[in-house]
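Chain by chain, the residues run as shown.
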Amino acid sequence: MNLSEIAHGLPKTELLYLRQTQLSIAQANILKVVPEKGTQAYLVLDKTIFHPKGGGQPSDRGKMASAQFSLEVKKAIQNQGVVIHWVKIVNGTPTTGAVSCELDWAYRKLIMRRHTAAHLLDHCLSKASSTRVETTDSWLDEPCYVGYRGKAPDASTIKNAQDLADKMIAQGSPVNIDFLTPEQCREVLKNAPNFARLPNLQEIRTVTIEGCDPIPCGGTHVTNIREIVRLSILKAEVMPDQTFRMHFSVAD
Ligand SMILES: [Zn+2]
């Protein structure tokens, strides 16, 4: 299925999770339904709580329903600012109009804990190695890692980063979300680990663990690093072109 054909001519989807990361249920309007073979279909809404795959974060999943139909949301995909929901039809036939949406909250909560843990890892690694770290990529499903440029840290640096993460999570610290103008960004974000990779945006959303540098990010996060419970740094994996991956997990 051609995604840009589905998105063509539709308004950009309002991304509810950017400002309300804790929203697990919402009402929306279905603007377009494109049936696929069997019991599958592509749906576009006016607004969504489903975070599409992107920025290292896997797609949210969950359910949608109205009086006439019920659907399982398998995947959300972003195309030119339009979020396309790939669904499996459980009952009835989806049509345009009002719909109730609900996230698979257990999965989203895990991804939020991992995403905030990834930002904390940037901070702890930077402090432990006394250098500014630069991220290359990340993935928050399996395997869960953040990629960095440079030489992989040695065992004692990793231990120091782990000790700092343990201490900070035990103390707790709020995670704040702000929206900055491009002028504010240049000053506020000069130490961000992904500064070089930032697109030229009108408005940039930053995520800041209090006490750490702000990080430009469109992902979903817990409201306090205490909710990570424990960040375990598993190993450093050396990758080609002078890069490495730090594998980690969050555990209860
Ligand atoms: Zn992020």
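Quick caveat: nothing in here was measured; it's all calculated off a predicted structure.

Draft legend 1. Expanded view of the coordination of the zinc ion. Coordination of the zinc ion by the protein is provided by His115 (NE2), His119 (NE2) and Cys217 (SG), with metal-donor distances spanning 2.1 to 2.3 Å. Along the chain, the residues donating to the zinc ion fall in the pattern H-x3-H-x97-C. Of this pair, histidine 115 sits in helix 2 (residues 105-129) while cysteine 217 sits in the loop between strand 13 (215-216) and strand 14 (231-239), and the two are 102 residues apart along the sequence. Just as histidine 115 is buried, cysteine 217 falls in that class too.

Draft legend 2. Structural view of the packing of aromatic side chains. According to the stated counting rule, one finds one aromatic pair in the structure shown. Above the face of the phenylalanine 179 ring, arginine 19 is positioned so that its terminal group lies 3.8 Å from the ring centre. If you follow arginine 61 out to its NZ or CZ, it ends over the ring of tyrosine 107, 3.7 Å from the centre.

Draft legend 3. The arrangement of the sheet that holds strand 14 in detail. As summarised here, the arrangement of the four strands in space is 9-10-15-14, forming an open sheet in which the pairing is antiparallel. Edge positions in the sheet fall to strand 9 (135-139) and strand 14, since each of these pairs with one other strand and no more. Averaged over all pairs of adjacent strands, the angle between their axes in this sheet comes to 20°, without regard to strand direction. Contacts from helix 2 reach strand 9, strand 10 (145-149), strand 14 and strand 15 (243-250) within the one sheet, and its direction differs from that of strand 15 by about 130°. Here helix 3 (residues 155-171) sits on the sheet and contacts strand 14 and strand 15; the angle it forms with strand 14, its principal contact strand, is near 150°.

Draft legend 4. Examining the nonpolar core more closely. Counting 30 residues, the largest nonpolar core has Leu120, Leu121, Tyr148, Ile228, Leu231, Met246 and Phe248 as the members making the most contacts within it. For this core, the elements supplying multiple residues, two or more each, are helix 2, strand 10, helix 3, strand 12 (204-209), strand 14 and strand 15. Ranked by residue count, the leading element in this core is helix 2, at seven residues. Apart from residues lying up to four places away in sequence, leucine 231 is in contact with Ala117, Leu120, Leu121, Gln162, Ala165, Asp166, Ile169, Phe248 and Ser249. The next biggest cluster of nonpolar side chains, apart from the first, holds 20 residues, and it includes Ala41, Leu43, Met64 and Cys101.

Draft legend 5. The arrangement of the side chain of histidine 85 in detail. If you trace the backbone, histidine 85 turns up in strand 7 (residues 82-91). Here the side chain of histidine 85 touches threonine 48 through a polar contact of 2.7 Å, side chain to side chain. Dropping the residues within four chain positions of it, histidine 85 is found in contact with Ala41, Tyr42, Leu43, Leu45, Thr48, Phe50, Met64, Val73, Lys75 and Ala76.

Draft legend 6. Structural detail: the layout of surface pockets. Within this model, the second largest pocket holds a volume of roughly 240 Å³. What lines the second largest pocket is a set of 15 residues, and nearest its centre among them are Asp122, His123, Ser126, Asn191 and Asp213. Where the lining of the second largest pocket is concerned, the elements lending two or more residues are helix 2 and strand 12. It is helix 2 that contributes the most residues to the lining of the second largest pocket, five residues altogether. Considering only residue class, the lining of the second largest pocket consists of six nonpolar, five polar and four charged.

Draft legend 7. Quick look at the sheet that holds strand 2 (residues 25-35). Taken together, the six strands give a closed barrel; going around it, the order is 2-3-7-6-5-8, and neighbouring strands pair in antiparallel fashion. The average angle at which neighbouring strand axes cross in this sheet is 45°, direction not considered. Of the pairings in the sheet, the one linking strand 2 to strand 8 (residues 97-103) comprises six bridges and is antiparallel in character. Within strand 8, the residue paired with isoleucine 25 across the bridge is glutamate 102.

About the thresholds
- Residues numbered from 1 in each chain as written.
- Predicted model: local features only at pLDDT ≥ 70, side-chain atom pairs only at ≥ 80, totals over all residues.
- Heavy atoms only, no water.
- Donors = N, O, S within 2.8 Å, 3.2 Å for Na, K, Ca; no water.
- Helix = DSSP H or I, 4+ residues; strand = E, 2+ residues; numbered from the N terminus.
- Buried < 20%, exposed > 50% of the residue type's maximum accessible area, 1.4 Å probe, protein only.
- Phe/Tyr/Trp six-rings, centres within 6.5 Å; stacked < 30°, edge-to-face > 60°.
- Lys NZ or Arg CZ within 6 Å of the ring centre and 35° of its normal.
- Pairing = 2+ DSSP bridges.
- Axes fitted to C-alpha atoms, helices over the stretch in contact; angles between N-to-C directions.
- Contact = heavy atoms within 4.5 Å.
- Core = buried A, V, L, I, M, F, W, Y, C linked by side-chain atoms within 4.5 Å.
- Polar contact = N/O pair within 3.5 Å; in protein donor to acceptor, adjacent residues only side chain to side chain.
- 1 Å grid on protein atoms, 1.4 Å probe; cavity = no way out; pocket = protein on both sides within 12 Å on 5 of 7 lines; lining within 4 Å.
- Points joined across faces, edges and corners; volume = space filled by probe spheres on them.
- Nonpolar A, V, L, I, M, F, W, Y, C, P; charged D, E, K, R; others polar.

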